[in-house]
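Descriptive structure summary
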Amino acid sequence: MKPAERDRYSRQILFAHIGEQGQDRILASSAVVVGCGALGTVVAGLLVRAGVGRLRIIDRDFVESSNLQRQTLFDESDARDALPKAIAAERHLRAANSGPKIEAVVADLTPENARELLSGVDLILDGTDNFETRLLINDASLALNIPWIYGAAVGSYGITLTIRPGHTPCLACLLESGERAGTIGADATCDTAGILNAAAGVIASIEAAEALKILAAKPEALHGRLVSCDVWSGKFQSIGIARNPECRACARREFTYLEGEAQPQITMCGRNSVQIHEHGRNFNLAELSGRLASSAAEIRHNDFLLRFTLPPYELTVFPDGRAIVKGTQDPAIARSLYARYLGA
Ligand SMILES: [Zn+2]
């Protein structure tokens, strides 16, 4: 370690569980943050300041003014310029610490690029907003034998779990066991339920602490528990999660998300519309209509479908999860609207 680094990271080195040896490991470590929103910006900022050697940031979106309340790496000029989040994050992180190598990737993580974008790092961090991408990360983590940290926050509530292949349960153990214990309601998204920046900050900070244990090579310090908190009610919980011996992903090693089999089918649907078919959804249209009331316009529904507008788009949703997005021919836009307003 150079003298300048010893000084720069002195307060972290003084922390006995890290010390100079742990800091050396952190400086030589690498991580990837998938999704640079409320969680991703905070966790990326903390890790770069802590001295992670190399950080890749993957995000498909642009900075908008409604991001600034909680996405702490961005400022008004980023929103005015509609900069891609990964690019804006890279600039601000470089200004905070010129030491680490920062790599911005403007892309949607998909089964086609997941192996390439997630390999060659010590750790994967979840800053995404949907379970489809998280299950893809989970598959890739198991296939590539790289640990990852799941995190999610909506409203005043958040949840996180560290997943290490071969050592802990995986996200599929949690989500696909039928109980769906400890997940954020599939129907709630930040665009319908809102989010407190403090809730995202707490969860991202716990993710960053877990990351430091892995990157400093202190796996014995990982608690292995699903941690959740509600910053409004003050209720914090930590629960032990059992591995599912029949788990599709970590036991049977059937990587259906990584192989693309479980992806929603996206098809062009007439002129200027895209159809998304997600499997196994069961929307209560009346309930959905109520939830969308504050964020969408012209919401109408009957027993068979619900239609609402988000100018210039119009979405039509069916109870089984199928949706038609009118106003675009771009599957990425349709998918992003689906994830934002209908959940994932
Ligand atoms: Zn599993």
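Residues numbered from 1 in each chain as written. Predicted model: local features only at pLDDT ≥ 70, side-chain atom pairs only at ≥ 80, totals over all residues. Heavy atoms only, no water.

1. Observations regarding helix α8 (residues 131-144)
An ideal rise of 1.5 Å per residue puts 20 Å on 14 residues; α8 measures up with 19 Å between its terminal C-alpha atoms. By the criterion of burial, α8 is predominantly enclosed, with 12 of the 14 residues buried. Between the side-chain oxygen of the N-cap and the backbone nitrogen of glutamate 132 there are 3.3 Å, and the N-cap of α8 in question is asparagine 130. Downstream of α8 by one or two residues, asparagine 145 has phi in the positive range, about 60 degrees. (Helix = DSSP H or I, 4+ residues; strand = E, 2+ residues; numbered from the N terminus. Expected span 1.5 Å × (residues − 1). Buried < 20%, exposed > 50% of the residue type's maximum accessible area, 1.4 Å probe, protein only. Polar contact = N/O pair within 3.5 Å; in protein donor to acceptor, adjacent residues only side chain to side chain.)

2. A closer look at the coordination of the zinc ion
Only Cys170 (SG), Cys173 (SG), Cys247 (SG) and Cys250 (SG) from the protein reach the zinc ion as donors, at distances of 2.3 Å. What the 4 donor atoms of the zinc ion show is an angle range of 98 to 123 degrees at the metal, which sorts the shape as tetrahedral. Site description for the zinc ion: donor spacing in sequence, C-x2-C-x73-C-x2-C. Pair noted here: cysteine 170 is in the loop between β6 (157-163) and α9 (171-175) and cysteine 250 is in the loop between β8 (235-239) and β9 (265-268), with a separation of 80 residues, a long-range link. A relative accessible area of 1% places cysteine 170 in the buried class. Residue cysteine 250 is classed as buried on the basis of its relative accessible area, which comes to 10%. (Donors = N, O, S within 2.8 Å, 3.2 Å for Na, K, Ca; no water. Tetrahedral: all angles 85-135°; square planar, octahedral: opposite > 155°, others 65-115°.)

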